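# Reading the structure
Spelled out, the chains give:
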Amino acid sequence: MYSLMSSSPSISSSSSSFLGQTHFDSRNPNARLPTKDSWICKCVATPPTETTAHTTKVSRNANMAKLQAGYLFPEIARRRSAHMLKYPDGQVISLGIGDTTEPIPEVITFGMAKKAHALSTLEGYSGYGAEQGEKQLRAAIASTYYGDLSLEESDIFVSDGAKSDISRLQVMFGSNVTMAVQDPSYPAYVDSSVILGQTGQFQKDVEKYRKIEYMKCNPENGFFPDLSTVSRTDIIFFCSPNNPTGNAATREQLTRLVQFAKDNGSILVYDSAYAMYISDDSPRSIFEIPGAKEVAIEVSSFSKYAGFTGVRLGWTVVPKELLYSDGFPVAKDFNRIVCTTFNGASNISQAGGLACLSPEGLEAMHKVVGFYQENTNIIMETFTSLGFSVYGGKNAPYVWVHFPGQSSWDVFSEILEKTHVVTTPGSGFGPAGDGFIRVSAFGHRGNVLEACKRFKQLYK
Amino acid sequence: MLLPSILYFIRPSSVGFVENGLVHLCVCTRVTRNLNMEKLRNGYLFPEIAMRELEHMKKYPTAKVISLGIGDTTEPIPDVVTSSMANHARRLSTVEGYRGYGAEQGNKALRKAIAETLYGDLPIKDTEIFVSDGSQCDISRLQLLLGSNVTIAVQDPTFPAYIDSSVIIGQTGDFQDETGKYQNIEYMPCRPQNNFFPDLTTTATTDVIFICSPNNPTGHAASRKQLEQLVEFARANGSIIIFDSAYAAYVTDDSPRSIFEIPGAREVAIEISSFSKFAGFTGVRLGWTVVPDELLFSNGFPVIKDFNRIVCTCFNGASSVAQAGGLACLSSDGLMAVQSVVDYYKENAKILGDTFTSLGLDVYGGINAPYAWVHFPGMKSWDVFTELLEKTHIITVPGCGFGPGGEEHIRVSAFGHRECILEASRRLKSLLS
């Protein structure tokens, strides 16, 4: 029985397949680490008085082990922090993580402050709320966004955001379903699928998980999958306006998608978190498409409308008409999930949401969205003027810039090094994202203008 | 064409149902319902209780229903805390004060405050604390982390979320009507006879052991000795303890408030906790989970790394407004203020406990927890629940809702305005004397 020598401080960062993607904690004396320059482990006998660390006998969840590296956005945050340490005077501008930057309109924060104060009064105090959300808020969401689409308050489930809802939906679906995603796509769909055990192993050569159907979306197919080449899966995740490509699907395309789901008996999970950014007549909700209620769930969020990225509020629509193969209503199971694995969104956030949907609140949200849309235009014009092929932007706060033949992480690094601007490498969203960079349009106007100036200098 | 108002299949992929006199024909998808969802028996316990309350209120519209059922806090949150939340909200409208996404693990200052203020001289690092939107959510995130191939043990009776989340994730077999238990879960009886603590000599080994102390529903706070035995048991069996300390603030005697008071616990335990019953945050939503660095899977992989990944992927942080409130709770003024509300509920618990005792009933708990666990020998707990509701308009919770070991017991929660508690006591005395 041997234990490790004192750990060498440098485990080569171009880490070996010996270690895989995980870096063993050097505090764990049971781990075996190579020395800096050789793969030979120099082992030292354990002095009898030394105690080895206790490990439990609980096996690590094999699904967690399938995940490659960390979730994308914390990785971007890490790189940003590392860069700022390296260049403390660098004036880093963040157009990476899609994080809102502009203050929340007062009418909305006033609603939240009022609720907070009310919690200190006898009449105003409230404890547990309905897990599905405050009745008034559900009704306001239904009438504001789904008014003429015959969806009701009872079809709406208020959440602490789309990301949590995606995982709750996955927990509801379980491990025995197959799923399809756009390629590229928001990473939470794939990662939650892996965690739930719906997928096989990651295949490094193609950068895909087995058992997931990746539906390529690129300039050649107008960023809409060629459904004739897509295999049937139980669940189809679709985001429009799209993160990261910025593309909004047309009515005709969504009609075909709904038909495809119907023909295959699939459930469409439609992420409409950016619907308010649409500037043309692309559908804002999947339920604008006839027949969608029998095939689709819609996930949405106040994050990018109201700057609620930190406040945490969203919703999911599960129509009564959506049924499993045995006729059981999906909404009943989602309700059970919400009651058991969740305890409602914060009542203060919900008060904010209600204020968002007042006439004044809606107008205020439109103004902030308009501000980010103007940012998007500025970024789009910049890259277009530099001769790049630029996509998205029109209907979403993301600009998808093509760098043909280049590794997106290399482009990300070069942009970061030379302009101190953080973007997001397209391959973080899937293999078809390689060769692209996502530039997010959330930022103070001054920063966006400065970033564009720096892009112009780099690429002139 | 008139159709009967039942669900029926008119062709292999369609279902028809009648609602409000209209016939709806829906096309089924071909997605198979998750079998784990099918295994669940009935709805989750507390919405059931809420439904019964509503039905009762409709039946007796003039009756003054007193709710000692769902453990929902009733007293206003101290001003020092809500002002802080209001200020944070208002600052979100300013350029300097606006904040977007927070760290998924929680605001650093709050994590530090939890570590220093609530864990004091225990060596808990802020990096081992993950702020959440409450224990109910954290329990499920932990189940997601653990996956379907682990076995669990729970106390019997127990807070239902441990069992229900286990079923949903696929760790269990079917529910057996005869025993009232799910296959593949180890139920550890907690009764007066064994001092409400599992007899570990007869407990089978499982990967995970859920322990809640002070306990919901029995109100029992495990002694140091009991927890030392538990930690030893977990070490010997290679198990992970998930220790729910949501009611730690209610401990009156010298019972441990954290599993980490027990030597060796860092290598075997995760602790979950909550601001809900501590600060009246049941609607505000804030809690935390402690995952020590030393807790390792069998292959040496640190559990904290996987939990961090779960938190980053399946969650996006607790509301920044709630977190501002949490920080205020942990200021010296805040602590004093929230503790006085806790004391108020503890006084309620004493009143209720005394009431039942004076009626000659065996009452447990109430001293270290806001729940009284009352024994009605030979009676079915749903029958007692119903009778109490019908005759005194008081909502309680039938013990069997917490597991077969809860039968013959009623849980009475001590959250309520003092006058309601006193009125409830009066009504109970009239009925039961």
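As named in an unreviewed UniProt entry, chain B is Aminotransferase class I/classII large domain-containing protein, taken from Vitis rotundifolia. In UniProt, chain B has this text filed under Sequence similarities (unreviewed entry): "Belongs to the class-I pyridoxal-phosphate-dependent aminotransferase family. LL-diaminopimelate aminotransferase subfamily."

An unreviewed UniProt entry annotates chain A as Aminotransferase class I/classII large domain-containing protein of Vitis rotundifolia. Quoted verbatim from the Cofactor (unreviewed entry) heading of the UniProt record, the comment on chain A is "pyridoxal 5'-phosphate". The UniProt entry for chain A carries the following text under Sequence similarities (unreviewed entry): "Belongs to the class-I pyridoxal-phosphate-dependent aminotransferase family. LL-diaminopimelate aminotransferase subfamily."

This part is about the interface of chain B and chain A. At the interface, 98 residues of chain B touch 95 residues of chain A. Surface buried jointly by chain B and chain A totals about 8,000 Å² across both partners, of which 57% is contributed by carbon and sulfur atoms. Considering only the side of chain B, the residues that lose the most area to chain A are Val31, Tyr101 and Arg309 of chain B, jointly responsible for 9% of the buried surface there. Along the contact surface separating chain B from chain A lie 4 salt bridges. A salt bridge links Arg336 of chain A to Asp164 of chain B; the nearest nitrogen and oxygen atoms lie 2.8 Å apart. Between chain B and chain A we count 45 residue pairs in polar contact (both at pLDDT 80 or more) in total. For the side of chain B that touches chain A, the secondary-structure elements that each account for two or more residues are strand E3 (22-27), helix H1 (35-39), helix H3 (79-91), helix H5 (135-146), helix H6 (160-169), helix H7 (224-237), helix H9 (303-314) and helix H10 (320-329) of chain B.

Attention shifts here to helix H5 (residues 162-173) of chain A. All names here are of chain A. Counted at 1.5 Å a residue, the expected span for H5 with its 12 residues is 16 Å, and the 16 Å between its end C-alpha atoms agrees. With 12 of 12 residues buried, H5 lies mostly within the body of the structure. Along H5, the residues classified as buried are Ala162, Lys163, Ser164, Asp165, Ile166, Ser167, Arg168, Leu169, Gln170, Val171, Met172 and Phe173.

Moving on to the pairing of strand E5 (residues 129-132) of chain B. Successive side chains on a regular strand alternate, one facing one side of the sheet and the next facing the other. All names here are of chain B. The alternating pattern of E5 places Ile129 and Val131 on one face and Phe130 and Ser132 on the opposite face, and all of these are buried. Strand direction decides the pairing type here: E5 and strand E13 (residues 287-290), joined by 4 bridges, are antiparallel. Note that in E13 the partner of Val131 across the bridge is Trp288.

Next up on the list: the pairing of strand E5 (residues 179-183) of chain A. All names here are of chain A. Across the 5 residues that make up E5, a large majority, 5, are buried. Taken together, the 5 bridges between E5 and strand E8 (residues 212-216) define a ladder with parallel strand orientation. Across the sheet, residue Met179 finds its bridge partner in E8, namely Ile212. In this structure, E5 lies alongside strand E9 (residues 235-239), joined through 2 bridges in parallel fashion. Residue pairing for E9: Met179 is matched across the bridge by Ile235.

What counts, and at which threshold
Residues numbered from 1 in each chain as written. Chains lettered and ligands numbered in written order. Predicted model: local features only at pLDDT ≥ 70, side-chain atom pairs only at ≥ 80, totals over all residues. Heavy atoms only, no water. UniProt positions renumbered as here; feature names shortened; annotations may be inferred. Contact = heavy atoms within 4.5 Å. Buried area = accessible area lost by both parts, 1.4 Å probe. Salt bridge = Lys/Arg side-chain N within 4 Å of Asp/Glu carboxyl O. Polar contact = N/O pair within 3.5 Å; in protein donor to acceptor, adjacent residues only side chain to side chain. Helix = DSSP H or I, 4+ residues; strand = E, 2+ residues; numbered from the N terminus. Expected span 1.5 Å × (residues − 1). Buried < 20%, exposed > 50% of the residue type's maximum accessible area, 1.4 Å probe, protein only. Pairing = 2+ DSSP bridges.

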